[in-house]
Amino acid sequence: MSHLFLIVGLPGAGKTTTAAQLAASHQALRLTPDEWMIALYDGVQPDGKRDLLEGRLIMVALQALRIGTNVVLDFGLWGRDERSALRWLAATADASCTVVYLPVEPDVQRARVAHRQATAPHTTFPMSDADLVTWRAQFQAPDDAELDSTSPVPGPPPGWSGWPQWATDRWPSLTPAQSDP
Ligand SMILES: Nc1ncnc2c1ncn2[C@@H]1O[C@H](COP(=O)(O)OP(=O)(O)OP(=O)(O)O)[C@@H](O)[C@H]1O
Ligand SMILES: [Mg+2]
């Protein structure tokens, strides 16, 4: 059975560092949207492009899981619904799934982001201290049930017939049915 790792955390939490370690230790395909965004769009983030990119990367992830390859999705995944949708989709690919949450204290986060901006600016997007405060307020930390990979995936929010429909709205390039073998 293949395995999907969902890497969850704010900027500077250490997601890509951990994702690379998991990819090495579990022979997993690592999908890090920042690397693609920076390469494709020259360091800027055109409106909506990240969502489209992530949708296609999720389709790649599902294909890889179906052929028995482990996958690390280094997306950040600030929203509980995003994580639930991906846990549900992993099950459709006969894969198990773990939510890997990397908490980070604000002072540590600011120091890491500043250090990375100073030493490796080509690997990141600029972030102000105000951005970090705003994003922290938006972030939904995973609860114990999400971190327990044996817990059932909750249903989609009211008004949605299923997670595939919700996921295609969240990531408009994602068409799960088309990626079936
Ligand atoms: N456990 C750690 N201890 C100290 N420094 C760390 C640790 N993990 C990561 N770092 C450093 O912190 C910086 C940010 O790490 P990383 O790029 O892995 O974070 P990230 O969560 O992927 O951030 P982003 O969301 O912006 O991509 C890097 O310079 C990295 O070397
Ligand atoms: Mg990263």
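Residues numbered from 1 in each chain as written. Chains lettered and ligands numbered in written order. Predicted model: local features only at pLDDT ≥ 70, side-chain atom pairs only at ≥ 80, totals over all residues. Heavy atoms only, no water.

In the annotation of an unreviewed UniProt entry, the protein is listed under the name Kinase and assigned to Winogradskya humida.

In this structure, what is going on with the packing of aromatic side chains? I would like to understand it.
In this structure the tally under the stated criterion is 4 aromatic pairs. Ring centres of Tyr101 and Phe139 lie 5.9 Å apart, and the angle between their planes is 25°; this geometry places the pair in the stacked category. Placement of the pair is Tyr101 in strand β4 (residues 96–101) and Phe139 in the loop between α6 (129–138) and α7 (144–147), with a sequence separation of 38 residues. With a centroid separation of 6.1 Å and an interplanar angle of 80°, the aromatic rings of Trp166 and Trp171 are classed as edge-to-face. According to the relative accessible area criterion, Trp166 is buried, its value standing at 11%. A connected cluster of aromatic rings, assembled from ring pairs, spans Trp163, Trp166 and Trp171. (Phe/Tyr/Trp six-rings, centres within 6.5 Å; stacked < 30°, edge-to-face > 60°. Helix = DSSP H or I, 4+ residues; strand = E, 2+ residues; numbered from the N terminus. Buried < 20%, exposed > 50% of the residue type's maximum accessible area, 1.4 Å probe, protein only.)

What is the right way to read the nonpolar core from this model?
One broad rule of soluble globular proteins: the nonpolar side chains tend to lie buried together. In terms of nonpolar packing, the biggest core is built from 44 residues, with Ile58, Leu73 and Trp171 touching the most fellow members. A per-element tally of this core places helix α3 (residues 49–66) first, with 8 residues. Not counting residues up to four positions away in its chain, the partners in contact with Ile58 are Leu73, Phe75, Leu86, Leu89, Trp171 and Leu174. (Core = buried A, V, L, I, M, F, W, Y, C linked by side-chain atoms within 4.5 Å. Contact = heavy atoms within 4.5 Å.)

Which parts of the structure should I look at to understand unusual backbone geometry?
Negative phi is the rule for most residues except glycine; trans is the rule for most peptide bonds. Residues other than glycine seldom take positive phi values, yet Gln27 does so here, at roughly 45°. Considering the arrangement of structural elements, one finds Gln27 in the loop between α1 (15–25) and β2 (28–31).

Help me understand the sheet that holds strand β3 (residues 70–76), please; the structure alone is not making it clear to me.
Strand pairing in a sheet is mediated by backbone hydrogen bonds. Such pairs are either parallel or antiparallel. On the basis of which strands lie adjacent, the open sheet formed by 4 strands has the order β2-β3-β1-β4 and parallel pairing. The open sheet has two edge strands with one neighbour each: β2 and β4. Shown here is a sheet whose adjacent strand axes are inclined to one another by a mean of 20°, direction ignored. Of the pairings in the sheet, the one linking strand β1 (residues 3–8) to β3 comprises 4 bridges and is parallel in character. Bridge assignment links Leu4 to a residue of β3, and that residue is Val71. (Pairing = 2+ DSSP bridges. Axes fitted to C-alpha atoms, helices over the stretch in contact; angles between N-to-C directions.)

So what exactly am I meant to see when it comes to the pairing of β1 here?
Along a regular strand, successive side chains alternate from one face of the sheet to the other. When you tally the buried positions in β1, you get 6 out of 6 residues, the bulk of the element. Of the two faces of β1, both are covered, the one formed by His3, Phe5 and Ile7 as well as the one formed by Leu4, Leu6 and Val8.

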